[in-house]
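Structural overview
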Amino acid sequence: MRQALLSVVLATLAGFSAAPAFAAKPPVVVELFTAQGCSSCGKANQVVADMADDKGVLALTYSVDYWDYLGWTDTFAKPAFAARQRAYATKFSLRDVPTPQVVVAGRQQASGAKAEAVETLVKEAAKAPSNPPDMEFVGDGARVAVGSGPAPRGGGEVWLVRYDPREQDIAVKRGDNRGQTLVHRNIVRELVRLGPWNGRPRLYRLPAAGDEALKTVILVQGAKGGRVIGVLQEAAEK
């Protein structure tokens, strides 16, 4: 069994050794950084939730924990999500980390509460030239193969994101949003850096999923909050 899997892996990487030919254009990745304790985040949550069914968009909602001091502990927040947002803030040379914030394709950012601004950035990103590497799950989804392609200046990174596609409405009982119910879609529950990518074919092992209901996506992007250049989503029928 191990030898058979190795053969599949080697064959996959061999097929990825050449530059990708007419790889499908990846969806525009829209990342919302929000918090249940943030008084202006409810509108941003709805803006991104409305985009979740757009086939040309991959909407991801990250809950951050630095608003918990106001009296309500966010039910989905993890320190890793705030760390990702801080990496973007550094990349964009922002003085502060804004909330709610939407980052589009790792290229540009805007207030998540400004629907028109977000929509404009999504349209611009959809028109931008794209040359993603070939990507494929192998070994029953236990690994992912990333092919060759132009690596971003400073190198690239491969990230595993697992999110809950179901809509969840959270009733906030304390803090600035006390008495309000906030909508959430595509809530990120797991975020793991799989390793660097230098433009050459490489295979990455995926950690086991903690919840089978979560959807898995692989992102290839510039290091430390760079632009997203490749997206691989699991089969829709799962």
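Every value quoted in this text rests on a predicted model; they were computed, and no experiment measured them.

Quick notes on the overall build of the protein
From N to C terminus, the protein includes four helices and 13 strands. Within the span of the protein, comprising 238 residues, buried residues form 49% of the whole. Considering only residue pairs separated by 6 or more positions, the protein has 69% of its internal contacts joining residues 24 or more positions apart.

Thoughts on the pattern of salt bridges
The full count for this structure, using the stated rule, is five salt bridges. In this structure, Asp164 engages Arg166 in a salt bridge whose closest nitrogen and oxygen atoms are separated by 2.6 Å. Among the residues examined, Arg166 registers a relative accessible area of 48% and is labelled partly exposed.

So, helix H4 (residues 115-127)
The terminal C-alpha atoms of H4, which comprises 13 residues, lie 19 Å apart, in line with the 18 Å expected from a rise of 1.5 Å per residue. Taken residue by residue, H4 has Val118, Leu121, Val122 and Ala125 as its buried positions. Taken down its axis, H4 places every buried residue within 100° of arc, on the same side. Residues Glu116, Lys123 and Lys127 are exposed on H4 and point more than 90 degrees away from its buried face. Those residues of H4 that are buried lie in contact with strand S1 (28-34), helix H2 (41-51), strand S2 (57-63), strand S3 (101-104) and strand S4 (108-111).

Things to note about the sheet that holds strand S6 (residues 143-146)
Taken in spatial order, the three strands of this open sheet run S5-S6-S11, and their pairing is antiparallel. This sheet does not close on itself; its edge strands, each paired only once, are strand S5 (135-138) and strand S11 (202-205). In this sheet, adjacent strand axes meet at a mean angle of 25° when their direction is disregarded. When S5 meets S6, the two strands line up antiparallel, connected through four bridges. What sits directly across from Glu136, in S6, is Ala145.

Some details on the pairing of S2
Of all seven residues in S2, seven are buried; the element is thus mostly enclosed. Side-chain alternation along S2 places Val57, Ala59, Thr61 and Ser63 on one buried face and Leu58, Leu60 and Tyr62 on a second face that is also buried. Here seven bridges tie S1 to S2, and the two strands are oriented parallel to one another. Following the sheet pairing, Val30 is matched in S2 by Ala59. Handedness of the crossover is the feature at issue here: the chain leaves S1, passes through H2, returns alongside S2, and the resulting connection is right-handed.

Here we look at the nonpolar core
Nonpolar side chains in soluble globular proteins tend to end up buried together. Ranked by internal contacts, the top residues of the largest apolar core, which has 22 residues, are Leu58, Leu60, Tyr62, Val161 and Leu219. Every element with two or more residues in this core is listed here: S1, S2, helix H3 (79-91), strand S7 (156-164), strand S10 (187-197), strand S12 (215-222) and strand S13 (228-233). Beyond its immediate chain neighbours, meaning those up to four positions away, Val161 contacts Leu60, Tyr62, Val188, Glu190, Leu191, Lys215, Thr216, Val217 and Leu219. Val57, Val104, Ala110 and Val122 belong to the second-largest nonpolar core, a separate cluster that totals 17 residues.

Concerning unusual backbone geometry
Backbone torsion omega between Thr99 and Pro100 reads 0°, so that peptide bond is classified as cis. With respect to the helices, strands and loops of the structure, Pro100 is situated in the loop between H3 and S3. If you check the backbone angles, Ser93 has positive phi at about 60° while not being a glycine. Relative to the helices and strands, Ser93 resides in the loop between H3 and S3. By relative accessible area, Ser93 is classed as exposed at 65%. The backbone phi angle of Asp140 is positive, close to 60°, even though this residue is not glycine.

Focus: the packing of aromatic side chains
Enumeration over the complete set of coordinates arrives at four aromatic pairs. Taken together, a centroid distance of 5.0 Å and an interplanar angle of 15° make the contact between Phe33 and Tyr62 stacked. Highlighted residues: Phe33 in strand S1 and Tyr62 in strand S2, separated in sequence by 29 residues. Given a relative accessible area of 0%, Phe33 falls into the buried group. Residues Phe33 and Tyr88 carry aromatic rings whose centres are separated by 6.1 Å and whose planes lie at 70° to one another, so their mutual orientation is edge-to-face. In this pair, Phe33 is assigned in strand S1 and Tyr88 in helix H3, connecting sequence segments 55 residues apart. The same class applies to Phe33 as to Tyr88, namely buried. One aromatic cluster in this structure is built from Phe33, Tyr62, Phe81, Tyr88 and Phe92. Between Arg84 and the ring centre of Trp159, over which it is positioned, the NZ or CZ distance is 5.3 Å.

Quick notes on the rules
Residues numbered from 1 in each chain as written. Predicted model: local features only at pLDDT ≥ 70, side-chain atom pairs only at ≥ 80, totals over all residues. Heavy atoms only, no water. Helix = DSSP H or I, 4+ residues; strand = E, 2+ residues; numbered from the N terminus. Buried < 20%, exposed > 50% of the residue type's maximum accessible area, 1.4 Å probe, protein only. Contact = heavy atoms within 4.5 Å. Salt bridge = Lys/Arg side-chain N within 4 Å of Asp/Glu carboxyl O. Expected span 1.5 Å × (residues − 1). Arc of directions from axis to C-beta. Pairing = 2+ DSSP bridges. Axes fitted to C-alpha atoms, helices over the stretch in contact; angles between N-to-C directions. Right-handed = clockwise from strand over helix to strand, strands pointing away. Core = buried A, V, L, I, M, F, W, Y, C linked by side-chain atoms within 4.5 Å. Phe/Tyr/Trp six-rings, centres within 6.5 Å; stacked < 30°, edge-to-face > 60°. Lys NZ or Arg CZ within 6 Å of the ring centre and 35° of its normal.

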